[in-house]
Amino acid sequence: MPLPQITQLQVPSSLDSLAKVLSWFDQLYQSFIPKSVWLRCQLALAEGFTNAVRHAHQGLSSDLYIDLEVTILDRQIEIRIWDFGVPFDLMKKIKDITKEIKDTPTDSDPPLGGGGTRGLLLMRDIADYLSYEHGEDGRNCLLIIKQF
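The rules we used
- Residues numbered from 1 in each chain as written.
- Predicted model: local features only at pLDDT ≥ 70, side-chain atom pairs only at ≥ 80, totals over all residues.
- Heavy atoms only, no water.
- Salt bridge = Lys/Arg side-chain N within 4 Å of Asp/Glu carboxyl O.
- Helix = DSSP H or I, 4+ residues; strand = E, 2+ residues; numbered from the N terminus.
- Buried < 20%, exposed > 50% of the residue type's maximum accessible area, 1.4 Å probe, protein only.
- Phe/Tyr/Trp six-rings, centres within 6.5 Å; stacked < 30°, edge-to-face > 60°.
- Lys NZ or Arg CZ within 6 Å of the ring centre and 35° of its normal.
- Axes fitted to C-alpha atoms, helices over the stretch in contact; angles between N-to-C directions.
- Left-handed = near helix turned anticlockwise from the far one by under 90°.
- Contact = heavy atoms within 4.5 Å.
- Nonpolar A, V, L, I, M, F, W, Y, C, P; charged D, E, K, R; others polar.
- Pairing = 2+ DSSP bridges.

Draft legend 1. Examining the pattern of salt bridges more closely. The tally for this structure, following the rule as stated, stands at seven salt bridges. Note that Asp67 is salt-bridged to Arg139, the shortest N-O span being 2.5 Å. Of the two residues, Asp67 sits in strand E2 (residues 65-72) while Arg139 sits in the loop between strand E4 (129-134) and strand E5 (140-147), which places them 72 residues apart along the sequence. Taken individually, Asp67 and Arg139 each receive the classification buried, so the pair is uniform in this respect. The partner of Lys92 in a salt bridge is Asp96, and the shortest N-O contact between them spans 2.9 Å. Taken as a pair, Lys92 and Asp96 lie in helix H3 (residues 90-102) at a separation of four residues, close to a single helical turn.

Draft legend 2. Structural view of the packing of aromatic side chains. Tallying each qualifying case throughout the model produces five aromatic pairs. With centroids separated by 5.4 Å and ring planes inclined at 70 degrees, the aromatic side chains of Tyr29 and Trp38 adopt a geometry described as edge-to-face. Here Phe88 and Tyr132 contribute two aromatic rings whose centre-to-centre distance is 4.8 Å and whose plane-to-plane angle is 40 degrees, an arrangement assigned as tilted. On the criterion of sequence distance, the pair formed by Phe88 in the loop between strand E3 (76-83) and H3 and Tyr132 in strand E4 is long-range, its members being 44 residues apart. Tyr132 sits in the buried class, given a relative accessible area of 11%. Taken together, Phe25, Tyr29 and Trp38 form an aromatic cluster joined through their ring pairs. For Lys35, the ring lying beneath its charged end belongs to Tyr29, and the centroid distance is 4.4 Å.

Draft legend 3. Inspection of the packing of helix H2 (residues 35-56) against helix H4 (residues 117-126) at higher detail. Look at H2 against H4: their axes get within 9 Å of each other, and the N-to-C directions meet at 145 degrees. In this structure, H2 meets H4 at a crossing whose hand is left-handed. In this structure, H2 contributes Arg40, Cys41, Leu43, Ala44, Glu47, Gly48 and Asn51 to the contact, and H4 contributes Gly119, Leu120, Leu122, Met123, Asp125 and Ile126. In terms of residue class, the contact of H2 with H4 is built from seven nonpolar, three polar and three charged.

Draft legend 4. Inspection of the sheet that holds E5 at higher detail. The strand order across the open sheet formed by five strands is E1-E2-E3-E5-E4, and the pairing between neighbours is antiparallel. Of all strands in the sheet, those bounded by a partner on one side alone are strand E1 (5-12) and E4. For this sheet, the mean angle separating the axes of adjacent strands, direction not counted, is 15 degrees. Across six bridges, the pairing between E4 and E5 is antiparallel.

So, in C-alpha cells, the structure goes:
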C-alpha cells in the first residue's frame, strides 16, 4: 500500500468501543514497522481513547462520538484522537504531575490515583511528539507521533 496511509474511524464515546478501536488499529499494521513500536503505539492509542471517554466526555451527552485517525509514513506513525471536552494545557498538566511525583517522599507511593495521570505519563513516554490542541471546530485533538 502506498504511503502515506491515512485511515479514519468514528466510534461512540464509550469504553465499549475500545475493542473495536484496537481491532481497527491492528488491521493497519505494516510489516516494516517494528513490532515493539507498534505495540507501544497501540498502548498510547488505548490510553488516549479511554482518557477521552472517561475525562473529556465525562458528564457530556451520551451520544457523542470520538474520531480517530492513524497516518503511517515511512519512518513514523501519527495518531489523532478528537474529543468534545473542555480544553486544557496538556504539557502543563504533565509538568504538574511530574512535579507532584518528584515532591512525594520516597517512602510513599507516587500520587497516580486519578485524572488520567498514568495514561498521560505513558503517552508522554511513548511519543516522540505529544500535543493536545483546541480546534476551530470546537473539538480537541490529541496528537501522538512516534518515529521508528
